Every structure is written in C-alpha cells, then in structure tokens.
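So the chains spell out like this:
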Amino acid sequence: MLLENFESSYVLGMEEMDNTHREFVTLLNQLDTASKSDFIPLFAQLLEHTQAHFDTETEWMQTCNFPAIREHIGEHKRVLGELQRFNSRVAKGNITMGRAYVQNQLPSWFESHAQTMDSALAANMKAHKGQA
Ligand SMILES: [Fe+2]
Ligand SMILES: [Fe+2]
C-alpha cells in the first residue's frame, strides 16, 4: 500500500472532497500492485479522475473566493501536466517511468497537497458555508 490510514490522516471534513480523495488514494494503491495490462487503463483512469477532481476544486475555490486560488490552480496544472506526459508513455506500453512516478512521487505529493492546499480550501469552504 502506498498510502494507508486515509480515515485518520486525510479526511478534511468536506464529504465530496473526502470521497474524491479516497478514490484517488484507492487508485494509487491499485496502481502500485497492478500488472502491466491493468496498469495502462488504470493510469488513464487516474488522469481522468484527477482532471475532474481538480476542475471541481476550481469551482469550489471560485465559489468561496479562496485567497490562494492562483497558487492552488497552478499546482494542479503542474501535476496534471506530469500525469499527461506519463500517460502518453504508459499508453504506448512504456510503464516503467509511470510506475516509478506513482510509487515515488504521487504519494508524497498527495500527502502534502491534502494537508496544506486542500486543507486550507476545506477550511475556507466551511467558513463560507457558515456565512451563508
Ligand atoms: Fe484535492
Ligand atoms: Fe487541490
């Protein structure tokens, strides 16, 4: 397992965001042990899931006037660019670098992103809801 203890480490108290993050972690953990033939479609699924995940967060940031919106969107774009580049290699059957990316980079990225930028967004959304 690349990421464990989701419920105690990454739940931010916004149900839809938590569900999306839980799915992301599940996909990462599946990719960790996937065979080559399973890795290729799963990686494409991770890319698609992450695109939707980030698009939804952008809408939330706009709705609650999130102060660090530019930094947060910029970070999403950077990661999405990496995922797209690795996906084009993986789709051609070259999974070695994609597997290394999944195992060595994405878990620590998710851990820090969830606990900093997404945590700040969740707190902002809660405050915004409280004002509504
Ligand atoms: Fe997120
Ligand atoms: Fe985010």
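A short tour of the structure in this document, coming up. If you're wondering where the values come from, they're calculated on a predicted model, not measured in any experiment. (Residues numbered from 1 in each chain as written. Chains lettered and ligands numbered in written order. Predicted model: local features only at pLDDT ≥ 70, side-chain atom pairs only at ≥ 80, totals over all residues. Heavy atoms only, no water.)

## Digging into the environment of Ala123
Rules: The way it works is that DSSP assigns letters per residue, a run of H or I at least four long becomes a helix, a run of E at least two long becomes a strand, and they are numbered from the N terminus. Burial here depends on accessible area, computed with a 1.4 Å probe over protein chains only, as a share of the maximum for the residue type. Under 20% is buried, over 50% is exposed, and the range in between is partly exposed.
Assignment of secondary structure puts Ala123 in helix H5 (residues 96-131). For Ala123, a relative accessible area of 46% puts it in the partly exposed group.

## Let's talk about the side chain of Asn87
So the rule is basically this: Any two residues having at least one pair of non-hydrogen atoms within 4.5 Å are treated as being in contact.
With respect to the element layout, Asn87 can be found in helix H4 (residues 69-91). We classify Asn87 as buried; its relative accessible area is 14%. Beyond its immediate stretch of four places on either side in the chain, Asn87 contacts Phe43, Ala44 and Leu47.

## A look at the packing of aromatic side chains
Stated formally: Pairing of aromatic rings covers Phe, Tyr and Trp, the last counted by its six-membered ring, and requires centre-to-centre distances within 6.5 Å; plane angles under 30 degrees mean stacked, over 60 mean edge-to-face, and any other angle means tilted.
Considering all chains together, one arrives at seven aromatic pairs under this definition. Here Phe54 and Trp109 contribute two aromatic rings whose centre-to-centre distance is 6.1 Å and whose plane-to-plane angle is 65 degrees, an arrangement assigned as edge-to-face. Of the two residues, Phe54 is situated in helix H3 (residues 36-63) and Trp109 in helix H5; the sequence distance between them amounts to 55 residues. Trp109 gets classed as buried once you look at its relative accessible area, which sits at 10%.

## Examining the coordination of the iron ion (ligand 2)
Put simply, the rule is: Here the coordinating atoms are restricted to nitrogen, oxygen and sulfur within 2.8 Å of the metal centre, or 3.2 Å for Na, K and Ca, and because water is not among them the sites may look incomplete.
In this structure, Glu57 (OE), His72 (NE2), His76 (NE2), His113 (NE2) and Asp118 (OD) serve as the protein donors to the iron ion (ligand 2), at separations of 2.1 to 2.2 Å. Spacing between the donor residues of the iron ion (ligand 2) along the chain follows E-x14-H-x3-H-x36-H-x4-D. Taken as a pair, the iron ion (ligand 2) and the iron ion (ligand 1) lie 3.5 Å from each other and share Glu57 as a ligand. Of the two residues, His76 is situated in helix H4 and His113 in helix H5; the sequence distance between them amounts to 37 residues. The class for His76 is buried, based on a relative accessible area of 3%.

## Considerations on the nonpolar core
Just so we agree on the cut-off: Among buried residues, those of type Ala, Val, Leu, Ile, Met, Phe, Trp, Tyr and Cys that are joined through side-chain atoms within 4.5 Å constitute a nonpolar core.
Core analysis: the biggest nonpolar cluster contains 27 residues, and Phe39, Phe43, Leu46, Leu83, Leu106 and Phe110 have the highest contact counts within it. Elements with a contribution of two residues or more to this core: helix H2 (15-33), H3, H4 and H5. Other than its neighbours up to four places away in sequence, Phe43 contacts Leu31, Leu83, Phe86, Asn87, Val90, Gly98, Tyr101 and Val102. Ranked by size, the runner-up nonpolar core spans 10 residues in total, among them Leu12, Met14, Trp60 and Cys64.

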